[in-house]
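Observations on the model geometry
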Amino acid sequence: MDEHSALLGLQVSTNEPDSQIPSSGTYAAIMEMEVSQNLLYALLFLITAVFLYLRRRRAAPKSKTAHCPHPNPVLGNTISFIRNRARFFDWYADQLRAAPSNTMEAWGPFGASHAVTTADPAGVDHLLRANFVNYNRGAHFREAQFDLIGDGLFGADGRLWSLQRKLASHAFSSRSLRRFTRDVLAVSLTRCFLPFLDAAAAAGSVLDLQEALRRFAFDNICHVAFGVESATLLEWADVPRHEALFAAFETAVRISFMRTLTPSTPLRKLTKFLNVGNSRRLREAVGVIDAHAMSAIQAKEEELANRQGNNDQGDPDLLARFMAAMDEEEGCSSELAAMFPTAEAKRRFLRDVVVSFVLAGKDTTTSALSWFFWLLAANPCCERRVHEEVSREGDNIKGMRYLHAAITEAMRLYPPVPLNGRMAVADDVLPDGTAVRAGWFANYSAYAMGRMEKLWGENFLEFVPERWLGDGGEFMPVDAARYPVFHAGPRACLGKEMAYLQMKTIAGAVIRRFRIDVEAPVASMESPPEYEMTGSMKIKGGLQDVEHSYIMIKPDGVQRGLKS
């Protein structure tokens, strides 16, 4: 007997000690009470649902252009989200194409989590430039990501964000950091990545190129950020400390991303309090990250202390640059230092800054290159043109215009961050007339924008690097509001030039030396690989899973443009 039935039994029992079985009249009374209570619960639920629905209807500003696909009066678009979870970004692209102004509304159960998403360049320009001050990360994003990135640049708003942005902009524009990044990349390619691929080619083995690229990129960004070498690519088969750090980032990013997609619930708070489930896994992963970051910070502090009085310019890595900036007594550096006055608070902030940059660089270029290599395998004529150019230009990265166009085209079809968004601070109206209320999410879909015929013409689903080249072969960029892969406005990606340098250097070195084939099944634009629902556009299962695609690394010398 459950607790509710036991309670009812106690309420109707007689005072006689041998009266254990209720009479038929008492039993009927019990059943009547249960039915009445169930009806009452159902009535209360319906009243609450109707009240919240009507409240949402009254609160929602009227907009003739807002397109809300198939909402349920109580559950909103939740059912559509669940049905299309395996093709979420394509579902959004389909709905945005069908919307009159390429802008749509969606909302969660009982009108919660209301969002406006656009694929209209004018709308993107409004969100990221014209009315930038009205859209920030918001409390939900900060709560979901705080354990991982804390007060770092990508989770900050307001004055804290603007101060960090100024320091980061200065750091990324410095010649020494660019030179350091190039040197790290060149050494890592020569010592690690290319020998790794050489071994795979010599053995004739199938390689998960996406996973190899992810580890290589992680090692590079950790070196640039912390000033400490990492070797997860070489430790792939083992489980030493660098591998543990890589795994910790993977776990923390996955859990934090899923939290941004779902509202905070009492259950999540309870699991965090009890330290169980995903809350425990996140805490353990963040603990590994913290230990590595704090160790690097303390080592850097000791190193800087030993250099006092010397004319040494210091290390060029990001951690060293932000540490030096925090010690300055003028400008934004002093204001930022005042926000974190104690030594412990300063260390924690430096940890947040550097971890944020590791997250920004560890999967974005990997995602772009993974899809780029797959697209080349599916378009052998383009692969042949890229090979001819990189063989001709050698180390002249700037001269690789067709490669630049091909990578840009790959990111048009498969942007590393397919959906991005902010939260409205105050009520607003987009250029097409769509209303956005304070507290609503305001998103833009780079993935959907890459699949708009009105933006890219009839061949919008084809891989055509030539669309980015002028008559003289020069690269022809478009406005960032039409191609928001690197965002736009005050939050535009600071590492854009470094990302292109890294991608072109890696792609040129690989294509010049190897032939890449996708097998089982053969790469085809009509049947692309599935993607994962993560913060970046990862190929589901990598490029080795038997249910998806294989990557075969072959030595150069195979005739280009023909499948072997």
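Data block above holds the structure.
Attention in this report is confined to the structure presented alongside it. Please read all numbers here as calculations on a predicted model, not as lab measurements.

Attention now goes to the packing of aromatic side chains. Within this structure, the stated rule accounts for 22 aromatic pairs. Aromatic ring contacts, followed pair by pair, group Phe81, Phe88, Phe89, Trp91, Tyr92, Tyr447 and Tyr531 into a single cluster. The ring of Trp456 carries the charged tip of Arg412 above its face, separated from the ring centre by 5.4 Å. One Lys or Arg, Arg482, reaches over the ring of Trp456 and ends 4.2 Å from the middle of that ring.

On to the nonpolar core. Note that soluble globular proteins tend to have their nonpolar side chains buried in a common cluster. Counting 80 residues, the largest nonpolar core has Phe193, Leu209, Phe372, Phe373 and Met411 as its most contacted members. The dominant element in this core, judged by the number of residues it contributes, is helix H16 (residues 364-378), at 10 residues. Excluding its chain neighbours within four sequence positions, the residues that come into contact with Met411 are Ala368, Pro416, Tyr483, Val485, Phe486, Tyr500 and Met503. Core analysis: the second largest hydrophobic core is formed by 53 residues, Ala171, Phe322, Val354 and Met498 among them.

With that settled, the discussion passes to the pairing of strand S8 (residues 441-445). Strand residues, when the strand is regular, have side chains that alternate between the two faces of the sheet. Within S8, 4 of the 5 residues are buried, leaving the element largely enclosed by the surrounding structure. Strand direction decides the pairing type here: strand S2 (residues 115-118) and S8, joined by 4 bridges, are parallel. Looking across to S8, one finds that Thr118 is bridged to Tyr444. Summarising the sheet, strand S5 (residues 419-424) and S8 pair through 5 bridges and their orientation is antiparallel. From the neighbouring strand, Gly421 faces S8, where its bridge partner is Asn443.

With that out of the way, let us pick up a nonpolar patch on the surface. A grouping of Leu267, Leu270, Phe273, Leu274 and Val276 is seen on the molecular surface, where their side chains present a nonpolar patch of about 530 Å² in accessible area. Inspection of the secondary structure puts Val276 in the loop between helix H11 (266-274) and helix H12 (277-306). Given a relative accessible area of 37%, Val276 falls into the partly exposed group.

Here we come to the environment of Asn77. As for its placement among the helices and strands, Asn77 is situated in the loop between helix H2 (24-59) and helix H3 (78-83). Since its relative accessible area comes to 0%, Asn77 is described here as buried. Placed 32 residues apart in sequence, Asn77 and Pro109 show a C-alpha to C-alpha distance of 7.8 Å. In this structure Asn77 touches Cys68, Pro69, His70, Pro71, Glu105, Ala106 and Trp107, once residues within four positions along its chain are discounted.

Time to look at the pattern of salt bridges. Scanning the model with the defined rule gives 35 salt bridges in all. Where Arg347 meets Glu344, a salt bridge forms, and the shortest distance between an N and an O atom there is 3.7 Å. Residue Arg347 and its partner Glu344 are located together in helix H15 (residues 343-362), separated by 3 residues, close to a single helical turn. Here the salt bridges share partners, and the residues they tie into one network are Glu211, Arg214, Arg215, Glu243, Glu250, Lys362 and Asp363.

A few words now on the environment of Ala424. Within the fold, Ala424 resides in strand S5. Given a relative accessible area of 5%, Ala424 falls into the buried group. Apart from the residues lying within four places of it in its own chain, the contact partners of Ala424 are Asn134, Tyr135, Val436, Arg437, Ala438, Gly439 and Trp440.

Spatially, the 5 strands line up as an open sheet ordered S1-S2-S8-S5-S3, and their pairing is mixed. The open sheet is flanked by strand S1 (103-106) and strand S3 (135-136), the only strands paired with a single partner. The strands that helix H4 (residues 88-98) touches are S1, S2, S5 and S8; relative to S1, the one it contacts most, it runs at about 120°.

Attention shifts here to unusual backbone geometry. Of note in this structure, Asn102 is not a glycine but carries a positive phi near 60°. Looking at the element boundaries, Asn102 is found in the loop between H4 and S1. When its relative accessible area of 4% is taken as the criterion, Asn102 is described as buried. At Asn275, a position not held by glycine, the phi torsion is positive, near 60°. Relative to the helices and strands, Asn275 is located in the loop between H11 and H12.

Analysis parameters
Along each chain, the written sequence defines residue order, and numbers are assigned to residues from 1. Predicted model: local features are reported for residues with pLDDT of at least 70 only, side-chain atom pairs are reported and counted for 80 or more only, and whole-chain, interface and lining totals are derived from all residues. Side-chain numbers here rest on the full set of heavy atoms in the structure, without hydrogens or water. Working definition: a ring pair exists when centres of Phe, Tyr or Trp rings (six-membered ring for Trp) sit within 6.5 Å. Plane angles under 30 degrees give stacked, over 60 give edge-to-face, the rest tilted. By definition, being over a ring means that NZ of Lys or CZ of Arg is both within 6 Å of the ring centre and within 35 degrees of the ring normal. We define the nonpolar core as a collection of buried residues of types Ala, Val, Leu, Ile, Met, Phe, Trp, Tyr and Cys that are connected through side-chain atoms lying within 4.5 Å of one another. Only protein chains enter the accessibility calculation, which uses a 1.4 Å probe. A residue is then buried if its area is under 20% of the maximum for its type, exposed if over 50%, and partly exposed in between. Secondary structure elements are taken from DSSP: a helix is a run of H or I of four residues or more, a strand is a run of E of two residues or more, and numbering for both begins at the N terminus. Whether two residues are in contact is decided by their heavy atoms: any pair within 4.5 Å suffices. The pairing criterion for strands is at least two bridges between them, as found by DSSP. Only residues whose relative accessible area exceeds 30% and that form no salt bridge enter a patch; like-charged residues are grouped when within 9 Å of one another, and nonpolar side chains (Val, Leu, Ile, Met, Phe, Trp, Tyr) when within 5 Å. Working definition of accessibility: Shrake-Rupley area with a 1.4 Å probe, residue cover restricted to the visible protein chains. Whenever a carboxyl oxygen of Asp or Glu lies within 4 Å of a side-chain nitrogen of Lys or Arg, that contact is scored as a salt bridge. Axes, fitted as lines to C-alpha atoms, cover a helix only where it is in contact. Angles between the N-to-C directions of the axes lie from 0 to 180 degrees.

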